[in-house]
Every structure is written in C-alpha cells, then in structure tokens.
Amino acid sequence: MAQLEQFAAPGTQWWRSAVIYQIYPRSFADASGDGIGDLAGITGRLDDLKELGVDAIWLSPFMTSPQKDAGYDVADYRDVDPLFGTLADFDAMLEQAHARGIRVIVDLVPNHSSDQHAWFQEALKAAPGSPERARYIFRDGRGENGELPPNNWESVFGGGMWERVTEADGTPGQWYLHIFDPTQPDFDWTNEEVREEFRSILRFWLDRGVDGFRVDVAHGMIKADGLPDYSPGDGADSMGGDQTEVPYWGQDGVHDIYRDWNRVLAEYDGDRALCGEAWLPTLERTALWVRPDEMHQTFNFPYLTTEWDAAALRAVIRDSLDAFGAVGAPSTWVLSNHDVVRHASRLALTAENPQGEGIGPNSPGKPDPVIGLSRGRAATTIMLALPGSAYLYQGEELGLPEAMEIPDEFRQDPTWFRTDGKRYGRDGCRVPIPWQADAPAYGFNDTGASWLPQPEEWAEFARDVEENDPTSTLALYKQLLRERRERQLGLGSLVWHDRGDDTVAFRRGDLHVLANLSDAPIDIDPQARIVIASEPFEGSQLPVDTAIWYTLN
Ligand code: NOJ
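A short tour of the structure in this document, coming up. All values reported here derive from a predicted model rather than from experimental measurement. (Residues numbered from 1 in each chain as written. Predicted model: local features only at pLDDT ≥ 70, side-chain atom pairs only at ≥ 80, totals over all residues. Heavy atoms only, no water.)

### Describing the pairing of strand β16 (residues 511–516)
In terms of burial, β16 is largely enclosed, as six of its six residues are buried. Burial of the side chains of β16 extends over both faces: Leu511, Val513 and Ala515 are buried on one face and His512, Leu514 and Asn516 on the other. Taking the residues between adjacent antiparallel strands as the criterion, strand β15 (residues 503–508) and β16 are bridged by two residues, where glycine 509 takes a positive phi near 60°. Pairing of β16 with strand β20 (residues 546–552) involves five bridges; the strand directions are antiparallel. (Buried < 20%, exposed > 50% of the residue type's maximum accessible area, 1.4 Å probe, protein only. Helix = DSSP H or I, 4+ residues; strand = E, 2+ residues; numbered from the N terminus. Pairing = 2+ DSSP bridges.)

Below is the structure:
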C-alpha cells in the first residue's frame, strides 16, 4: 500500500526533506583550546560537513549562560556566551555556512531562563504579586506557614519542581516553579510581556539571518489552570510519556504560541522553520505541533524510542506517515541527540533504560558494541530512505558508541546530582568527538583539554581513520546522503513489501530497502543489484542486523 505523498516540490520548503546535523557546540570542535568547543571551531569544520552532505545544521545553545544545564539555562537570549565566542563569531559562522549552501537553525529555550537572567534577578528582589514576579510562576506555599510546595510535581531532573525563595526582608517566602533544575525557573507564558519578549528574540536572530529554530521543551510552556497535583502513571516517562493528561505537558494553550511564531517567521523572506522538541505519548498528539499554521517540524520521538524489533519499527513508520500526513506535514525522523543514549549503543541494550537515565560503569544490560554498531548502521540505512526530514547527531556518522565508563568525578549533567547518582544522565552522549587518531584530544583541539574525558578506544572512530576506510561508518553515511539527495528520497511516497517476517522492507520508486531484524540470514532477491549495504558481506543472503538499498535488474 502506498503511503501519503510528501507535498513539497524540490527546492521549496526545504525543511520537508532536509537532513539536519545537530552540533552540540561544546563537544564539536574547540578552536580556543580551553577544552570546550566553540563557534570558531564550527566554522573551521564546515567543509567536513559539506563533504558529509548535510543540508543544514542545528546548534544547541551557545547564548550567554552560567552553564548549569550545558547552556539550556539562558541568561541573555541576545548574546553569545564568552565560552563559545562572540556575536561576530556567530555571524562569521553563519556567513560561511550559507556560502557552502548549509542552512543554520539555532536552539531557542523559551520554557525557562537561567536564574541569572535579569528578569529573574528582578523578580527575586520584587514583592509577591509584582509585575516582575508575574513573568515567572511564583506561588505561595501550602501548609500553615507556606512551608510546603504549592503542589506535588516532580522535576524532570529529580527532586521537587518548586524552590522556595527568601524575601527581601529575610523571611522565607514564595516558591517558584522549575520543570528542570532550580537554576531554570519557568516563565509564565500566560503573561503578554513574556510573549512579546520572545517575539523580539525571534526577530533578533531572524534579522541576523538564521533559517529557523529548534524550540526546546515545546510541549511544556503552558501549565494547567490551578496547577493541580499530578501523580505519574505506570511507565510514565519524565519528559512527557504518560498516557494520562499531564498538567504541564502538551496543554492545548501551547498551540496559540506557535501560531503566533509562525506569523513572526512569515514576516521574513525565504523558508524559515520551527522545529519543536515535544515529547508526547502518541504520534497523533505529536502531529498537532505541525498543523499548517504552527511549527514546520517536530521530532518524531515515538520513532526514536522504538526498540530494534521489525514489527514495532514497521508499525511506527506506517503510523508516523499516516499521522503527519493527515496534517500535511513531513515526519522528522531522528535516532540520536544530546539527551539520549547514542543509537549505536541504545539499540543493543538488554535492560530497560528510560530517557535521560544514561549508561555508566554500574548500569545493567550494557550493550554489546559490535551488535550495537551493526544495528546502528542498519537503523540509519532505514531512516535515510524514509520520506520526510532527518536529524543526525554529531558523531553518529562515525558510529560513536555511548561513553559508558566516565568516572563519577567528571560527571556534569544535573540529573546525576539531583538524583544522588541514581541516574547517570546524559554525559555519555556528549563527549567531545574525535577528528584525528594521533592528535591531542583526538583533534578536538590542539591542547588535549576536554570538558569530559574521551574514551581511549575512540582513536579507531576518528574521522581521519574513517576517511581512509571505504567500509567505515563515515563512508556509509556519505554514500547514503549522496544517494538520498540524488534520488530525492526525502520527498514522495513509500510502498511496503509485506513479507510477513522479521524484516523492514519497502520500496521508494525503483529503490528497494530491506533490513534484517531477525536472528538468521535471509535470502535476497536474485535479481537484486545492491546500491548500498550497511555492512560489507559476501554471498546471496542478508546477514542479521544488516540493511541494504537495492534495485532490480
Ligand atoms: C531539552 C534539552 O534537549 C535538554 O538538554 C535540556 O536539559 C532540557 N530541555 C531543559 O532545557
């Protein structure tokens, strides 16, 4: 059965079919040599990205920040943190990217600011009920003397979601809401002043020439009236995966904000795009984010969280194309990012690992690296054949596994601290990536400094090693991206092959895709001419955990 067409003609609405590469600036390339990546480092590596064959880059936050949550705690939305450079460095990077035909999306963090943001500092000094406090969510506590938090909500990073302040006269005072760390107070998006401020921030970056925004926590900005108590159901996920109504995730009111932002983007020429980070329990609810007058993309997290199982994968692909197609939007496929275990490890985990849990020295069910890498390569070979847009996360093109042995004393993720080490958190997917096998910090910089330690076995994943190996993961990604572009696989429809076995098999025009998720080799059509294989293999059978693109002679 053919599934719905993606609608855009080539060259228009680029975001419908684009492959977008996520740069996590602190771990990409470090020109200053201080151990933390920077904007000049990115500029210096744009040729490598051009050669890889991506259409756009998304930069995780580089704005002024005390870095309590690696930049997702913004103190000034209109400036660059000195760690990463200056606004002039940003402009230079943008110009150089555009000169190479690479579009640039920046991360916008509108749910919360840093506690060092000028507005929050003013709110702390101001009185309860003041306009300064009304920009955030301050409430009186419960209990006789307001000593209990206003409700029972639990922070995503562990612990309660409320922090009590000391008033100007020294007495214990009101509480403020923080879905994440206490250093990340939530804005009150029912306040028109907050809305106007963010319209202005959008225009600030659009005026500089950015092609769009990845919108952080796009499902959290509106809280249910009255802030009712909520207890997560069985199997609920901290980022929003609960089947029941969650009073701070996916509230209807958020959609007005994106309709408003859609109009702001429309003031500008070219196709500027909004991509929502919205963890929602179903594809139908996820698709609400990309109705025609709202955002342009939203990450397909139900796809990312699907385990390595043929029936489950076929179902999520089919249901995604239906759900997004029903609102006229492309699906935005993604397998890895800076918040989840890298997919070259995750797909071989043998124990449950909820989002944000991470893997550390004592984790159960650690993945086998060989199985993980095979599955990771096969998964990407499936993903890049699908119609719609796709996001890649820096390092996955090298087949990087999760860094699983980071010693406790180096950990930085607030999740680790807020849970007293019960959850390792996300540091394992954020380690600076290797460029050269025989250089300090594997060529991340020339001093050898690195804000998280790089595993010793990463020399074999270094870009300069993989560049000279036609069987490397880097070679595979380049091939996949080239064929995808030439065949315009990001657009058009998909026809399933119903084989009734543990494969994922479909056709895109005259290109066939076959992935073997069973536990035994399977026969390949004798007429098949293989265009790309996720692993080299001999003979007429497709090995386990391998995917191919082929045509028929
Ligand atoms: C989602 C981001 O991707 C994550 O890294 C961050 O910690 C939270 N939002 C809070 O901003």
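On we go from here.
### A short note on the side chain of aspartate 339
The residue aspartate 339 is located in the loop between β12 (332–334) and α10 (343–346) in this model. Polar contacts involving the side chain of aspartate 339 include one to the side chain of arginine 426, which spans 3.1 Å. Residues in contact with aspartate 339, not counting those within four places in the same chain, are Arg214, Glu277, Gln355, Gly356, Arg426, Cys429 and Arg430. (Polar contact = N/O pair within 3.5 Å; in protein donor to acceptor, adjacent residues only side chain to side chain. Contact = heavy atoms within 4.5 Å.)

### Some words on the site of the ligand
Taken together, the neighbourhood of the ligand is formed by 13 residues, with Asp69, Asp216, His338, Asp339 and Arg426 sitting nearest. The separation between an oxygen atom of the ligand and a polar side-chain atom of arginine 426 is 2.9 Å. Computed on the free molecule, the ligand has an accessible area of 290 Å², of which 99% lies beneath the protein chains in the complex. Considering only residue class, the shell around the ligand consists of four nonpolar, two polar and seven charged. (Near = heavy atom within 4 Å. Areas by Shrake-Rupley, 256 points an atom, 1.4 Å probe, with all protein chains shown as cover. Nonpolar A, V, L, I, M, F, W, Y, C, P; charged D, E, K, R; others polar.)

### Considerations on the sheet that holds strand β11 (residues 297–298)
Within the open sheet, the eight strands sit side by side as β11-β10-β9-β5-β2-β1-β13-β12. Their pairing is parallel. On the outer flanks of this sheet lie β11 and β12, each paired with one strand and no other. With four bridges connecting them, strand β2 (residues 56–59) and strand β5 (residues 103–108) associate as parallel partners. Along β5, the bridge assignment pairs leucine 59 with valine 106. The strands touched by helix α3 (residues 87–99) are β2 and β5; relative to β5, the strand with the most contacts, the crossing angle is about 140°. Strand contacts of helix α6 (residues 254–266): β5, β9 (212–215) and β10 (273–276), with the helix running at about 155° to β10, the strand carrying the most contacts. (Axes fitted to C-alpha atoms, helices over the stretch in contact; angles between N-to-C directions.)

Interpretation note: all reported values are geometric properties and have no functional meaning in isolation.
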